[in-house]
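Listed here are the chains, written in short residue letters.
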Amino acid sequence: MLKTVLAAVNARYIHSCLALYSLRASCPRYRDSIFIREFTINQERGFILRELYSMKPDIIGFSCYIWNIEMVASLTIELKKLMPSLIIILGGPEVSHERTDCPADIIVSGEGERAFNDIMAFYNEKRGRVLPVMDGEVDINRLPFPYADGLAGFENRIIYYESSRGCPFRCQYCLSGSEDHHVRALPLERVRGELQFFLDDNVRQVKFIDRTFNCLEARAANIWRFLKEHDNGVTNFHFEISADLLDSESLELLAGVRKGTFQFEIGVQSTNISVLKEIGRKTDIARLSANVSALREPRNIHLHLDLIAGLPGEGYESFGRSFNDVYAMKPDMLQLGFLKALKGTGLRNNAARWGLVYGDSPPYEVLKTNALSFDEICRLKDIEYLLESFYNTGLAPFTLRYLTRGGAFEFYESLAAFWRGRGYHLAPRGKIAMYAALYEYCLENAGVDAPLALELMGFDLLARENEKSPPEWLAPKLSVEDRALFRRYKASMGADAIAVRTFEYDIAGWVSETPEKRRNALLFRYKDGKGRGEYSEITGGN
């Protein structure tokens, strides 16, 4: 048999490439001669080249995506120079819709399992006829389980799993919107068996790649119920869902799962109904908001909500309203993404209609539209950085609660202007330096109570982690009373680390627009000396 290497260049080490394992599993006759190698885009190209060359393959296949196509193109050129007889196969979304300059012998367009098996038969046994291949719809029920050989090598990595293919929706910015609108789902009995395989192995995280997992609501609920009933106390499952499709029974079911069992990625993208209509996306925003609120109430599911800047018809002011709407839903993470004109999408094919100007190189990010200028996109890029740095990292939740009371987008917009004005965007800043810059912003804004903001930052720091040596301006040295409290409680806490601090505001009991001014001491307890601090009031005063 010819030695075949399937190679992936992933975005991060913790990622894995499901496509490679599915391709190998679909070729049982040739699988012993098929080897998988996974790299990351952070590795030096020469290293990857040497590793692949050292395997002396007869055939090499690459899985091509926006994050790796430039690396793959370069590798294929150099591999052909070194091994002219090497057969190079490319597949994946980056080569399925438009021509590529890579020196490939075969390009597989679309789903590749059946086509790859035919290619293996042709080269190994001279059976069949191989040309650049357009694979048709695959019967996924006939595809073997990609991880049947076990999970060795997947330690501390995300396991990707597919229980269905296709999507019933037609969002113009998404490849699924222009491809398969027929959802093909694996039988529930098979899915339950494969999920039990992960549970038995105590896998850390399984990420479903189903495009809209709960588009078949009863089926989704069945799987969620199975995972709830067979929870191993360890494994986390990630799903991409449409929150407005959830019914009351599913919400009740989800409210009862162990904290950390599930995490949901919910693509809101915009709350402007006319914009959603323009891109072919159907969303009941009111129901989505209500369901996100219901999901958030038990605090047991990590909620990741997405917005996309640059959608056709959405200008800067409209995006600001969408931002405020989604921010008010209080997600654990709010991702501000930027529209990409992906190959094969309706958006790219109709770019002139909306005045979309996008980059020629991956990731083909939109630079401007008829409704949004590049100047405005630059401002949104600064907002994205600050949202990620302060909100998504959990650096300052209580401080942000106070600072955004007059409007979240308006605050981030103001902070972004300050940040750029000070030149803080030119270099990365550490945690304490981020707090310092935020405090500087508070001091310069008349509408901000700077002493309150400083107390909130000190609270955020202590609640976030057991900081060993915080600066005195942020966490003042303990008073005589606080030192006495510290000694008293430390004696009873055993191995757990603690911190004690007296505040002038009732931050822990904050319910109104701003915290009530009431002197009180709080105890922060860090289990095993690390992790987030569990805080409780230990004294009260006037």
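Refer to the structure presented above.
Residues numbered from 1 in each chain as written. Predicted model: local features only at pLDDT ≥ 70, side-chain atom pairs only at ≥ 80, totals over all residues. Heavy atoms only, no water.

Draft legend 1. Seen up close, the overall build of the protein. Summing up its helical and strand segments, the protein has 17 helices and 19 strands in all. Relative to a compact globule of 542 residues, whose C-alpha radius of gyration would be 24 Å, the protein shows 26 Å and is just as compact. Along the first, second and third principal axes, the C-alpha atoms of the protein reach 90 × 55 × 50 Å. Out of the 542 residues in the protein, the part that is buried amounts to 53%. A fraction of 69% describes how many contacts in the protein between residues 6 or more apart in sequence connect residues 24 or more apart. (Helix = DSSP H or I, 4+ residues; strand = E, 2+ residues; numbered from the N terminus. Rg over C-alpha atoms; globule rule 2.2 N^0.38 Å. Buried < 20%, exposed > 50% of the residue type's maximum accessible area, 1.4 Å probe, protein only. Contact = heavy atoms within 4.5 Å.)

Draft legend 2. Region of the structure containing the packing of aromatic side chains. The tally for this structure, following the rule as stated, stands at 43 aromatic pairs. Geometrically, the ring pair formed by F418 and Y441 is edge-to-face, given 5.6 Å between the ring centres and 65 degrees between the ring planes. Within this pair, whereas F418 is found in helix α14 (residues 408-421), its partner Y441 is found in helix α15 (residues 431-443), the two being separated by 23 residues in sequence. Assigned by exposure class, F418 and Y441 land together as buried. Over the ring of Y364 we find R348; its NZ or CZ atom is 4.7 Å from the centre of that ring. When the ring centre of F338 is taken as reference, the NZ or CZ atom of K381 above it lies at 4.1 Å. (Phe/Tyr/Trp six-rings, centres within 6.5 Å; stacked < 30°, edge-to-face > 60°. Lys NZ or Arg CZ within 6 Å of the ring centre and 35° of its normal.)

Draft legend 3. How the structure looks around the packing of helix α6 (residues 217-229) against helix α7 (residues 248-255). Between α6 and α7, the least distance of the axes is 10 Å, while the angle of their chain directions is 15 degrees. When the axis of α6 is compared with that of α7, the two are roughly parallel. Helix-helix and strand crossings are classified by hand; for α6 and α7 the assignment is left-handed. Counted together, E217, A221, W224, R225 and K228 of α6 and S250, L253 and L254 of α7 form the full contact between these two elements. (Axes fitted to C-alpha atoms, helices over the stretch in contact; angles between N-to-C directions. Parallel < 35°, antiparallel > 145°, perpendicular 65-115°, else oblique. Left-handed = near helix turned anticlockwise from the far one by under 90°.)

Draft legend 4. Local environment of the sheet that holds strand β13 (residues 302-309). Ordered in space as β7-β10-β11-β12-β13-β14, the six strands form an open sheet in which the pairing is parallel. Where the open sheet ends on each side, the last strands, each with one partner, are β7 (159-161) and β14 (333-338). The sheet shows a mean angle of 25 degrees between the axes of neighbouring strands, direction not considered. Pairing analysis gives five bridges linking strand β11 (residues 236-241) to strand β12 (residues 262-269), with the strands arranged parallel. By the bridge assignment for β12, H238 is matched with Q263. Relative to the sheet, helix α12 (residues 374-392) contacts β13 and β14, its axis offset from that of β14 by approximately 160 degrees. (Pairing = 2+ DSSP bridges.)

Draft legend 5. Broad picture of the side chain of T369. Relative to the helices and strands, T369 is located in the loop between β16 (366-368) and α12. Within the local environment of T369, its side chain forms a polar contact with the backbone nitrogen of A371, the two atoms lying 3.0 Å apart. Apart from the residues lying within four places of it in its own chain, the contact partners of T369 are G310, W354, G355 and L356. (Polar contact = N/O pair within 3.5 Å; in protein donor to acceptor, adjacent residues only side chain to side chain.)

Draft legend 6. Expanded view of the pairing of strand β4 (residues 87-91). Of all five residues in β4, five are buried; the element is thus mostly enclosed. Burial along β4 is two-sided: the face carrying I87, I89 and G91 and the face carrying I88 and L90 are both buried. Taken together, the five bridges between strand β3 (residues 59-63) and β4 define a ladder with parallel strand orientation. If you follow I60 over to β4, its bridge partner there is I88. Note: β4 against strand β5 (residues 106-109), three bridges, orientation parallel. Note on β5: the bridge partner recorded for L90 is I107.

Draft legend 7. Up close: the state of the cysteines. Applying the stated criterion across every chain yields a total of zero disulfides. Free cysteine C27: the closest other cysteine sulfur is in C17, separated by 15 Å. Judged by relative accessible area, C27 falls into the buried class, the value being 0%. (Disulfide = S-S within 2.5 Å.)

Draft legend 8. Structural view of the packing of α12 against α14. Closest axis-to-axis distance for the α12/α14 pair is 9 Å, and the angle between their directions is 105 degrees. On the basis of their axis angle, the class for α12 and α14 is roughly perpendicular. Of the residues in α14, those touching α12 at R379, L380, D382, I383, Y385, L386, L387, F390 and Y391 are F409, Y412, E413, L415, A416, W419 and R420. When the residues that make up the contact of α12 with α14 are grouped by side-chain class, the tally is 12 nonpolar, no polar and four charged. (Nonpolar A, V, L, I, M, F, W, Y, C, P; charged D, E, K, R; others polar.)

Draft legend 9. View of α6. Under the 1.5 Å per step criterion, the end-to-end length of α6 is 18 Å for 13 residues, consistent within 8% with the ideal 18 Å. All of the buried residues in α6 are E217, R219, A220, A221, I223, W224, F226 and L227. (Expected span 1.5 Å × (residues − 1).)

Draft legend 10. Just the side chain of N68, in detail. As for its position among the elements, N68 is in the loop between β3 and α3 (69-82). Among the polar contacts listed, one links the side chain of N68 to the backbone oxygen of V9, at a separation of 3.1 Å.

Draft legend 11. Structural detail: the pattern of salt bridges. Tallied over the entire structure, the rule returns 31 salt bridges. The salt bridge partner of K340 is E365, with a shortest N-O separation of 3.9 Å. In this pair, K340 sits in the loop between β14 and α11 (346-349) while E365 sits in the loop between β15 (357-358) and β16, placing the two residues 25 residues apart along the sequence. Given the relative accessible area of 27%, K340 is considered partly exposed. Take E365: its relative accessible area is 21%, and that puts it in the partly exposed class. One continuous salt-bridge network, built from bridges that share partners, spans E111, E113, E137, E162, R165 and R184. (Salt bridge = Lys/Arg side-chain N within 4 Å of Asp/Glu carboxyl O.)

Draft legend 12. Structural view of the pairing of strand β2 (residues 34-40). Most of β2 sits out of view: five of its seven residues are buried. Judged from the seven bridges that link them, strand β1 (residues 4-10) and β2 form a sheet pairing that is parallel. Looking at the pairing, A7 lines up with R37 of β2. For the crossover that starts at β1, traverses helix α1 (residues 18-25) and ends in the parallel β2, the hand is right-handed. (Right-handed = clockwise from strand over helix to strand, strands pointing away.)

Draft legend 13. Representation of the environment of K80. In this structure, K80 sits in helix α3. Linking K80 and R99, residues 19 residues apart in sequence, is a C-alpha distance of 19 Å. Setting aside residues up to four positions removed in sequence, K80 forms contacts with L86, I88, P103 and D105.

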